[in-house]
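# Coordinates in review
The lines below spell out each chain.
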Number of protein chains: 2
Amino acid sequence: MGLLVVGSVALDSVETPFGRTEKALGGSAVYFSVAGSLLHPVQVVGVVGRDYPMGELQRLSQRGLDLRGVTVADGESFRWAGKYGFDLSTRETLETRLGVFANFRPVIPEPFRDAGYVFLGNIDPELQLDVVKQVHRPKLVACDTMNYWIQGKRTALLRLLKHVDVLLVNDSEVCELSGDWHILRAARWILKHGPKLVVVKKGEHGAVLVEEGRIFYVPAFPLEDVFDPTGAGDSFAGGFMAYLARTDDLSSANLRRAMVYGSAMGSFAVERFSVARFDEISLADVQARVRACHDLVHFEIDADLVPTG
Amino acid sequence: MGLLVVGSVALDSVETPFGRTEKALGGSAVYFSVAGSLLHPVQVVGVVGRDYPMGELQRLSQRGLDLRGVTVADGESFRWAGKYGFDLSTRETLETRLGVFANFRPVIPEPFRDAGYVFLGNIDPELQLDVVKQVHRPKLVACDTMNYWIQGKRTALLRLLKHVDVLLVNDSEVCELSGDWHILRAARWILKHGPKLVVVKKGEHGAVLVEEGRIFYVPAFPLEDVFDPTGAGDSFAGGFMAYLARTDDLSSANLRRAMVYGSAMGSFAVERFSVARFDEISLADVQARVRACHDLVHFEIDADLVPTG
């Protein structure tokens, strides 16, 4: 089934203790779609300026990005610049220049409106809701958000949640939105406000899928060298949604697998600047990491000590 | 096989956002043995003053604590007082009074010297090594340590590690000892200095078992209400070691189960002050939490997408 993402298409300048990059491909829709396209074709809706390296995006599209929804507008592309501290756990935003993104009003191309799986990247919740109204009968709508919207557009965000199946956010966001500092209680609060599922991303501490009455936890794949954490969350979302779109199976068992594919994609994202790592890997590499993740957490309950049932 | 622990037997005064307790049972040997005794009898070696509530310890011993190695000395028992911050992730030590613990020189009673499983709680590494020399042919020796010894008795600690099979410490300790801020690299450094296994406890972020060439990760069991984090690590160690002593099986598969039993015990420890929670539960409760932990992380690799091998 079709997989649609709406979000930012940006140029990122990032400095980490290990190096720096200037005006590299970035933005939620880029990380999502480049990671996701290893599993399933992705339809992208966004806006760029005339300065955007469309050739590079086109090259990536050979893997299955449909860029007919990316508008090229007069002006500069969205730019973000940030710097990470020594242990990569803190980051400082040095610059945000919205450029053409400031006037982004997503229009979903007709061929994309039948998408079965829709991901609303982190943009104004009013625009996210407008996207929901443009698509026909999606099987699953997931959305991200951030503290800026939680604080500034809370009512619109809560309205949006009524139309969303999966809220996919990080730990501080779920806590801020719910007003509860405890992640599980915060997630359960969300379940009462629309979504049937909450995915809480905890960075190096993995991610949690909270359903009514059941929790699944996947660790972050342990890497000896993390290079640049930018985009890990959007790559996670890309893996998660693309796996669901590919398999078209929303069973609890399959949602769990989707979480692991998400975690695998997040772990690749951080091994290079920008989306460079996805250019080096194939589906087989993703599958190998999924198997490694299984080995990482797998154990058998002892039949002797633990009675069944 | 016999399971021996040598460590502190203390009186703890703890303040958390949810309440306070005064002079409650505490210390590494107490948490270890009370948790572990749900799975296997534990032989305890330690020292207390005449003020210690031996009746309470005796009551706990009905579950399988052998306290013949606990010496009662003239003076006050070891006392520790601490206070936790709002989110329980930071704690401040208000008072440490060593009392009779200052002159603790562990003497292993003759009947304990055949123990197959030995846990050296966090005490002076010279004393830990002395304990190793007193026991006959243990199958597995595990030890804990802390920043105080890492900084002050590094040489003795490294000498001890040559005689230890499992180093069981928290994340900051393994990093400080190895000089590497990355937990996995830090653990591999340890593997080159004696131990065959490293267990790194990460508090609310779970624990990792690092063997040569293989890693196992167990999350902390997700609790909605954590009451008092004190003793979680020693309870983990108690569950881990007691499971191994009970099953007497050091296969990789069984070490993984031991990690999960450790995690389960740690999760019970934090639900009440002191060791009070262990007084309310049975082996069946522990097993139920092990099953819940299995459900928390379990997923099946899809046969379709992922080729075997």
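The structure contained in this document is the topic of the report that follows. This one's a predicted model, so the numbers in the text were calculated from it and none came from an experiment.

A few words on the overall build of chain A. Per the secondary structure count, chain A includes ten helices and 13 strands. Whereas a compact globule of 309 residues would reach a radius of gyration of roughly 19 Å, chain A reaches 19 Å, a difference of no more than 12%. Reported as C-alpha extents along the three principal axes, the dimensions of chain A are approximately 70 × 40 × 35 Å. Scored against the burial criterion, the 309 residues of chain A give a buried share of 59%. Long-range contacts, defined here as pairs at least 24 residues apart, represent 63% of the contacts in chain A between residues at least 6 apart. As displayed, chain A offers around 12100 Å² of accessible surface, 50% of which is attributable to carbon and sulfur atoms. For chain A, the separation between the mean place of its 33 positive charges and that of its 39 negative charges on side chains is 5 Å.

The full count for this structure, using the stated rule, is 17 aromatic pairs over all chains. Consider the rings of Phe101(B) and Phe104(B), whose centres lie 5.6 Å apart with planes at 20 degrees: the pair is stacked. We classify Phe101(B) as buried; its relative accessible area is 13%. An aromatic cluster of at least three residues, connected via ring pairs, comprises Phe18(A), Phe227(A) and Phe273(A). The ring of Trp181(B) has Arg185(B) lying over it, and the distance from NZ or CZ to the ring centre is 5.5 Å. Above the face of the Phe268(B) ring, Arg289(B) is positioned so that its terminal group lies 4.0 Å from the ring centre.

As a further point, take the pairing of strand β11 (residues 197-201) of chain A. Residue and element names in this part refer to chain A. Among the five residues in β11, five count as buried, and that is most of the element. Going residue by residue along β11, you find Leu197, Val199 and Lys201 tucked away on one face and Val198 and Val200 tucked away on the opposite face as well. Looking at chain direction, strand β10 (residues 166-170) and β11 are connected through five bridges and run parallel. Bridge pairing links leucine 168 to valine 199 in β11. Where β11 hands over to strand β12 (residues 207-211), the hairpin turn is made up of five residues, of which glycine 203 adopts a positive phi near 65 degrees.

Calculation rules
Residues numbered from 1 in each chain as written. Chains lettered and ligands numbered in written order. Predicted model: local features only at pLDDT ≥ 70, side-chain atom pairs only at ≥ 80, totals over all residues. Heavy atoms only, no water. Helix = DSSP H or I, 4+ residues; strand = E, 2+ residues; numbered from the N terminus. Rg over C-alpha atoms; globule rule 2.2 N^0.38 Å. Buried < 20%, exposed > 50% of the residue type's maximum accessible area, 1.4 Å probe, protein only. Contact = heavy atoms within 4.5 Å. Areas by Shrake-Rupley, 256 points an atom, 1.4 Å probe, with all protein chains shown as cover. Lys, Arg positive; Asp, Glu negative; His and termini not counted. Charge placed at Lys NZ, Arg CZ, Asp CG, Glu CD. Phe/Tyr/Trp six-rings, centres within 6.5 Å; stacked < 30°, edge-to-face > 60°. Lys NZ or Arg CZ within 6 Å of the ring centre and 35° of its normal. Pairing = 2+ DSSP bridges.

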